[in-house]
Amino acid sequence: MSKLYVVHENPAWIGAFADAFEARGLTWQQWLIEDGALDLSAIPPEGVFYSRMSASAHTRDHRYAPELTLALLLWLERHGRRVVNGSTALDLEISKARQYSRLESAGIRVPRTIVVANKHEIVRAADEAFGDAPVILKPNRGGKGLGVRLFHTGAALADHLDSADYEEPVDGIHLLQEYIVAEERFITRAEFVGGRFLYAVRVDTSDGFELCPAEACQVGDAFCPAGSNSRPKFEIVSDIDHGLKASYERFLSDNGIEIAGIEFMAGDDGRVLTYDINTNTNYNPAAEARAGRSGALAVADYLGSLLRTPHPHAA
Ligand SMILES: Nc1ncnc2c1ncn2[C@@H]1O[C@H](COP(=O)(O)OP(=O)(O)O)[C@@H](O)[C@H]1O
Ligand SMILES: [Mg+2]
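Residues numbered from 1 in each chain as written. Chains lettered and ligands numbered in written order. Predicted model: local features only at pLDDT ≥ 70, side-chain atom pairs only at ≥ 80, totals over all residues. Heavy atoms only, no water.

Caption draft 1: Just the pattern of salt bridges, in detail. Tallied over the full model, the rule gives 16 salt bridges. Each of Arg 63, Glu 67 and Arg 141 takes part in one network of salt bridges that share partners. (Salt bridge = Lys/Arg side-chain N within 4 Å of Asp/Glu carboxyl O.)

Caption draft 2: Quick look at the sheet that holds strand S1 (residues 4-8). With parallel pairing, four strands are arranged side by side in an open sheet as S2-S1-S3-S4. The two strands at the open ends of the sheet, each matched to only one other strand, are strand S2 (28-32) and strand S4 (82-84). Neighbour to neighbour, the strand axes of the sheet diverge by 25° on average, direction disregarded. Inspection of the sheet shows strand S3 (residues 48-51) paired to S4 by three bridges, in the parallel sense. Along S4, the bridge assignment pairs Phe 49 with Val 83. (Pairing = 2+ DSSP bridges. Helix = DSSP H or I, 4+ residues; strand = E, 2+ residues; numbered from the N terminus. Axes fitted to C-alpha atoms, helices over the stretch in contact; angles between N-to-C directions.)

Caption draft 3: Structural context of the coordination of the magnesium ion (ligand 2). Summarising the metal site, the magnesium ion (ligand 2) is bound by the protein donors Glu 263 (OE), Glu 263 (OE) and Asp 276 (OD), whose distances to it range over 2.0 to 2.8 Å. Taken together, the residues span a long stretch of sequence, with Glu 263 in strand S12 (residues 260-266) and Asp 276 in strand S13 (residues 272-278) at a distance of 13 residues. In this structure, Glu 263 and Asp 276 share a single accessibility class: buried. (Donors = N, O, S within 2.8 Å, 3.2 Å for Na, K, Ca; no water. Buried < 20%, exposed > 50% of the residue type's maximum accessible area, 1.4 Å probe, protein only.)

Caption draft 4: Focus on the pairing of strand S8 (residues 174-178). Of all the five residues making up S8, five are buried; the element is thus mostly covered by neighbouring parts of the structure. Pairing analysis gives four bridges linking strand S5 (residues 113-116) to S8, with the strands arranged antiparallel. By the bridge assignment for S8, Thr 113 is matched with Gln 177.

Below is the structure:
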């Protein structure tokens, strides 16, 4: 069996995967991307490489980790190494604007979105596109719901842009997005491993927009606070609409993505809109325990099968 390398920058998210890799007896090691330099003229080690590079790396002081990882993945791919969630996956991970174009090419509906580089254009662009309707402002390179905000008026949006709370998106690109009025107060995140549907998790949105499922992101337990309801915040559902599932599997295959969580919402007008693709997906341990499922073990099984399959070198 060959060796697995996990390319990432956040040790807080590796624990569940480490346990699963050990449980399945995989030979593996971390490739922490902030470690040292990359010699592009060197020959990469043999093995299978799984990228878990995250769009929110900059929030952990790893501002350029995605850029460095892109160079690393292209180097591995050039040498014909088996890369899971390679350069095309990372390209989508770090840009929602590119996600939306690719989703639309695959016939998957996304919320109406305006891409704005210049902060001073935001209010005018929002007014032109959405008029008096509420609008969501979010960074193009996001993660964990950080910086996702809802505004009911142009004046409130303008105030925010002038306030100390405003943060320039890390890649300079803002997204203005139609506010999806949810049919019910939850979003669904469909998980895929090996390009195939694993399960979906319903996430209660009563608490706001920061919906990272990883244990390391949770404050307290994963239940809604008293007053909202007694249902858990994360709840696994075993299936989603079959047409949507088939579209997602085709989309992932066409875009070189093997492991991902795809988020969608049903609006009160009946539209189902897909708005976020997470290629460094984390699984919620409390929801998994209740449902008797394990995303990390599914990942370990999938990667284990790749480690046992000889990979013909392209180079
Ligand atoms: N257009 C929208 N309309 C309504 N709610 C939204 C919209 N976009 C995002 N949200 C809410 O904010 C959360 C975080 O937004 P998302 O686009 O997934 O950013 P991130 O990449 O940071 O997770 C979503 O899961 C959803 O609950
Ligand atoms: Mg999200």
